[in-house]
Amino acid sequence: MAASSSIPDFALEVVKKADSITVLSGAGMSAESGVPTFRDAQTGLWERFDAAALATPEAWNRDPDFVWSWYMWRHHLVRATAPHAGHLALAQWEHSADVTIVTQNVDDLHERAGSSHVHHLHGSLFHFRCAQCSFAYSDEVDDSEPHESPRPPPRCQRCGGQIRPDVVWFGEMLPSKPWEAGVQAVDSCDVLLVVGTSGLVYPAAGLPQIAHEKGIPTIEINPDETPLSRECTVSLRMSAATALPILARSR
Ligand code: OAD
C-alpha cells in the first residue's frame, strides 16, 4: 500500500475507467459537514459521555430517557447540517457511472446530496421502531433541546412499548438487507473507495478485504492511517471534501 498526500495518476486512471464505484463511508465522511465522528469528543450536554457507551442496549435499558434524548440531540444536529463537496461529488458521479454507497453512518447526508443507492449498515437516525414489538414508528419526533432533564421516548401505537431509534447498537446484529447489498456492491465493483472510517468496527471493517481478495483496486481517503490502510491499493492522506471532487472530476 502507498500512502499519498496527493492523488497519484494511477488512482485517477483507475477511477476514470471505472463503470461501477462502491463507496464504504464512515463518520469521517460527515465530519466536514459538522457532524462529530464517533471518536471525536462530544459537546454540550453530552460532552461528558462517550458515544460508544451510549449506543448500547445496556445504556438504553438503564436509562431510556437519557439515550433517547441523546439521539434527539444528534437528530437535531444532523438536521442543521448540510452535505459537503464530497457528498455532492459522489451524487454527481451517478451521471457517468454506477455509484453505490455503503455507509456506517446513521445520518442522511448522502441522500440529501442526491445519492440514490445508499445502504445503511448501522441504520438511520431518521427511522424509529418499537423496542418491544419492532413496529415502525412514523409520527413526528420532538428533537428540541431538553431544557431540564432528558425526556421520555414516545410510545408505540400498537403495543404501548417505548420507541427507540432504528439504529444498530453495539452487540446487535446488522440488518441483513443492507449488509447483503453492501457485500454484493463491494464484490462486484471496479473500484472501492473507503472514506472516513477508522476500520475498527466489524463486520463493516471486513468489507475492504473482500475487494482486496478479488484484486479490486481500493482507494482509502483518510487524513490518518488506519488498520485498513495496508490492504488498500493507495491510502490518500486527504479529507473527503478535498479528495472526492478531484476523483469525480477525473471522469
Ligand atoms: P470513527 O469515528 O471511528 O472514525 C472516523 C474516521 O474518519 C477516522 O479514521 C478519522 O481519521 C477519519 N476522518 C476524520 N475526518 C475526516 C475527513 N474530513 N475526511 C476523511 N476522513 C476523516 O467512525 P467510524 O469508522 O465510522 O458503530 O466508526 C464505525 C462505527 O463505530 C460507527 O458506525 C459506530 C461506531 O461504533 C455503530 O454505531 C454500530
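Values in this document were obtained by computation on a predicted structure and should not be read as measured data.

Quick look at the domain arrangement of the chain
When the domains of the chain are assigned, the result is domain 1 (1-34 + 83-122 + 174-251) and domain 2 (36-80 + 127-167). Relative to domain 2, the C-alpha centre of domain 1 lies at a distance of 28 Å. Each side of the interface is counted separately: domain 1 has 12 residues, and domain 2 has 9 residues. Taken as a group, A27, G34 and V106 account for 42% of the area that domain 1 buries against domain 2, more than any other trio of residues on that side.

A closer look at the site of the ligand
Near the ligand lie 22 residues; those nearest to it are A27, R39, F170, T197 and S198. Contact between the ligand and G28: a nitrogen atom at 3.5 Å from a main-chain N or O atom of the residue. A distance of 2.9 Å is found between a nitrogen atom of the ligand and a side-chain nitrogen or oxygen belonging to E32. Isolated, the ligand exposes 800 Å² of accessible area, and the fraction of that covered by the protein chains is 90%.

Quick look at the packing of aromatic side chains
Applying the stated criterion across every chain, the model contains 4 aromatic pairs. With a centroid separation of 4.8 Å and 70 degrees between ring planes, the pair formed by W70 and Y71 is classed as edge-to-face. Y71 carries the same exposure label as W70, and that label is buried. Seen in terms of ring centroids, Y71 and W169 are 6.3 Å apart; in terms of plane orientation they differ by 50 degrees. Their pairing is tilted. Placement of Y71 in helix α5 (residues 64-79) and of W169 in the loop between β7 (163-167) and α8 (176-187) is noted, with a sequence separation of 98 residues between them. Here Y71 and W169 have matching classes, each one buried. Through pairs of rings, three or more aromatic residues link up here, namely W60, W70, Y71 and W169. The ring of W70 carries the charged tip of R74 above its face, separated from the ring centre by 4.7 Å. Taking the ring centre of W169 as reference, the NZ or CZ of R164 above it sits at 3.7 Å.

Looking at unusual backbone geometry
Look at the link from Y202 to P203: it is a cis peptide, with omega at 10 degrees. Of note, P203 is situated in the loop between β8 (191-195) and α9 (207-213).

What about the pairing of β8?
Side-chain positions along a regular strand alternate between the two faces of the sheet. Taken across its 5 residues, β8 has 5 buried, putting it largely inside the fold. The side-chain alternation of β8 yields two buried faces, one formed by V191, L193 and V195 and the other by L192 and V194. Here 4 bridges tie β8 to strand β9 (residues 218-221), and the two strands are oriented parallel to one another. For V195, the partnering residue across the bridge sits in β9 and is I221. Each parallel crossover has a hand, and for β8 linked through α9 to β9 it is right-handed.

Quick look at the UniProt feature "active site" (unreviewed entry) in the chain
When the UniProt feature table is mapped onto this chain, "active site" (unreviewed entry) is found at H122. In this fold, H122 is placed in the loop between β4 (118-120) and β5 (123-130). Other than its neighbours up to four places away in sequence, H122 contacts T103, Q104, V106, V167, V168, L174, V201 and A204.

What about the environment of G171?
By secondary structure assignment, the location of G171 is in the loop between β7 and α8. Judged by its relative accessible area of 85%, G171 is exposed. C-alpha separation for the pair G171 and F49, spaced 122 residues apart in sequence, amounts to 19 Å.

Some thoughts on the sheet that holds strand β10 (residues 234-236)
Ordered in space as β1-β10-β9-β8-β2-β3-β4, the 7 strands form an open sheet in which the pairing is parallel. Edge strands, defined here as strands with exactly one partner in the open sheet, are β1 (2-4) and β4. Pairs of neighbouring strands in the sheet enclose a mean axial angle of 20 degrees, with direction left out of account. Across 3 bridges, strand β3 (residues 98-103) lies against β4 in parallel orientation. Each residue of the ladder has a partner; that of I101, found in β4, is V118.

Quick notes on the rules
Residues numbered from 1 in each chain as written. Predicted model: local features only at pLDDT ≥ 70, side-chain atom pairs only at ≥ 80, totals over all residues. Heavy atoms only, no water. Domains from an automatic or database assignment. Contact = heavy atoms within 4.5 Å. Buried area = accessible area lost by both parts, 1.4 Å probe. Near = heavy atom within 4 Å. Polar contact = N/O pair within 3.5 Å; in protein donor to acceptor, adjacent residues only side chain to side chain. Areas by Shrake-Rupley, 256 points an atom, 1.4 Å probe, with all protein chains shown as cover. Phe/Tyr/Trp six-rings, centres within 6.5 Å; stacked < 30°, edge-to-face > 60°. Buried < 20%, exposed > 50% of the residue type's maximum accessible area, 1.4 Å probe, protein only. Helix = DSSP H or I, 4+ residues; strand = E, 2+ residues; numbered from the N terminus. Lys NZ or Arg CZ within 6 Å of the ring centre and 35° of its normal. Pairing = 2+ DSSP bridges. Right-handed = clockwise from strand over helix to strand, strands pointing away. UniProt positions renumbered as here; feature names shortened; annotations may be inferred. Axes fitted to C-alpha atoms, helices over the stretch in contact; angles between N-to-C directions.

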